[in-house]
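Listed here are the chains, written in short residue letters.
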Amino acid sequence: MPIAFRLHTAETAPEAARPILDAGKKAFGAVPNLYAILAESPAALKGYTTLWSIFDESSFTPVERQVVYLTSNYENECHYCMAGHSVLAKMVGLSDQAIAAIRDGGVIDDSRLQALHRFTGQVVANRGFVSDAETEAFLAAGFDRQQVLEVILGAAVKLISNYTNHIAETPLDGFMADTVWEHPSRRRAAA
């Protein structure tokens, strides 16, 4: 039986986590279950939300940031974050084709976004041990060295949430009902 983690509210969370939960409620209309779990450790919640904000300041567009997030979620097999970011990616204008390709382990039609998807996948799957050829292909697609490092930043944001969701078995939020996801390898194994 998994260890149960509490879904904290502003009333049950440690004092230091309460302002962050309030900010999450203002931003999303409700406290995301991930925030409610992370509130158990105010430092972890602050670390996650701070890195999220910093990644928003990167040189990537909102669409590109979602490609990094979705790809990280895929590689880390995070059902919660894949469901949530499928909604967020659509909201910022990532195409249905690109979202479906990432969710299914496929190829994005847009070559620039595909290069970002591939490079991010290599960074996450290989824990940063990416070949020079892969890095050069990423740069040849129009990205720069700054963005190499920013992919790592985005992957770090997802490491916190993906690993938390694995351990805590975070339940999906209501807005994710239409984007439930299971990694393709698990779908094949169940068939």
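Participant: I would appreciate a short explanation of the side chain of Thr-49 in the present structure.
Facilitator: Note that Thr-49 resides in helix H3 (residues 42-56). For Thr-49, a relative accessible area of 15% gives the class buried. Look past the residues within four positions of Thr-49 in its chain and what remains in contact with it is Ile-20 and Tyr-35.

Participant: Help me understand the pattern of salt bridges, please; the structure alone is not making it clear to me.
Facilitator: Pairing is possible between side chains of opposite charge, provided their charged atoms come close. Per the counting criterion, the structure on display carries 6 salt bridges. For Asp-56, the salt bridge is made with Arg-65, and the minimal N-O distance between the two is 3.2 Å. Under the relative-accessibility criterion, Asp-56 is labelled partly exposed at 35%. Owing to a relative accessible area of 11%, Arg-65 belongs among the buried residues under this scheme. Here Glu-134 makes a salt bridge to Arg-118, at a shortest N to O gap of 2.5 Å. Of this pair, Glu-134 sits in helix H8 (residues 132-140) while Arg-118 sits in helix H7 (residues 111-125); the two residues are 16 residues apart in sequence, bridging distant segments of the chain.

Participant: Where do I start with the packing of helix H4 (residues 62-75) against helix H9 (residues 145-168) in this structure?
Facilitator: To describe two helices that pack against each other, one gives the angle between their axes and the distance between the axes. The geometry of H4 relative to H9 is characterised by a closest axis approach of 9 Å and an angle of 50° between their N-to-C directions. By the angle between their directions, the pair H4 and H9 is classed as oblique. Judged by the twist between their axes, the crossing of H4 over H9 is right-handed. Mapping the contact onto sequence places Val-68, Tyr-69, Ser-72 and Asn-73 in H4 and Val-151, Gly-154, Ala-155, Val-157, Lys-158 and Asn-162 in H9. Its residues placed into classes, the contact of H4 with H9 shows 5 nonpolar, 4 polar and 1 charged.

Participant: Would you take a moment to explain the packing of aromatic side chains for this structure?
Facilitator: What describes a pair of aromatic rings is the distance from one ring centre to the other and the angle between the planes of the rings. Tallying each qualifying case throughout the model produces 10 aromatic pairs. On the numbers, 6.0 Å between centres and 85° between planes, the contact of Phe-28 with Tyr-35 is edge-to-face. A relative accessible area of 42% means that Phe-28 is categorised as partly exposed. Judged by its relative accessible area of 11%, Tyr-35 is buried. Through a chain of ring-to-ring contacts, three or more aromatic side chains come together here, namely Phe-28, Tyr-35, Tyr-48, Trp-52, Phe-55, Phe-60, Tyr-69, Phe-119, Phe-138 and Phe-143. The ring of Phe-143 has Arg-112 lying over it, and the distance from NZ or CZ to the ring centre is 3.8 Å. Looking at Lys-158, its charged tip hangs above the ring of Tyr-69, at a distance of 5.2 Å from the centre.

Participant: How should the environment of Trp-52 be read in this particular structure?
Facilitator: Topologically, Trp-52 is positioned in helix H3. On the basis of relative accessibility, which here comes to 17%, the residue Trp-52 falls in the buried class. Taking the C-alpha atoms as reference points, Trp-52 and Gly-154, separated by 102 residues in sequence, lie 7.8 Å from one another. In this structure, Trp-52 is in contact with Tyr-69, His-85, Leu-88, Val-157 and Lys-158, ignoring residues within four places of it in sequence.

Participant: Would you explain unusual backbone geometry in this entry?
Facilitator: Excluding glycine, residues mostly have negative phi values, and the peptide bonds linking residues are mostly trans. Positioned with a positive phi, Arg-127 is a non-glycine residue whose angle comes to about 50°. Tracing the chain through its elements places Arg-127 in the loop between H7 and H8. The phi angle at Glu-169 is positive, at roughly 50°, despite the residue not being glycine. You can see Glu-169 is positioned in the loop between H9 and helix H10 (184-190).

What counts and what doesn't
- Residues numbered from 1 in each chain as written.
- Predicted model: local features only at pLDDT ≥ 70, side-chain atom pairs only at ≥ 80, totals over all residues.
- Heavy atoms only, no water.
- Helix = DSSP H or I, 4+ residues; strand = E, 2+ residues; numbered from the N terminus.
- Buried < 20%, exposed > 50% of the residue type's maximum accessible area, 1.4 Å probe, protein only.
- Contact = heavy atoms within 4.5 Å.
- Salt bridge = Lys/Arg side-chain N within 4 Å of Asp/Glu carboxyl O.
- Axes fitted to C-alpha atoms, helices over the stretch in contact; angles between N-to-C directions.
- Parallel < 35°, antiparallel > 145°, perpendicular 65-115°, else oblique.
- Left-handed = near helix turned anticlockwise from the far one by under 90°.
- Nonpolar A, V, L, I, M, F, W, Y, C, P; charged D, E, K, R; others polar.
- Phe/Tyr/Trp six-rings, centres within 6.5 Å; stacked < 30°, edge-to-face > 60°.
- Lys NZ or Arg CZ within 6 Å of the ring centre and 35° of its normal.

This is a description of form; function is not addressed.
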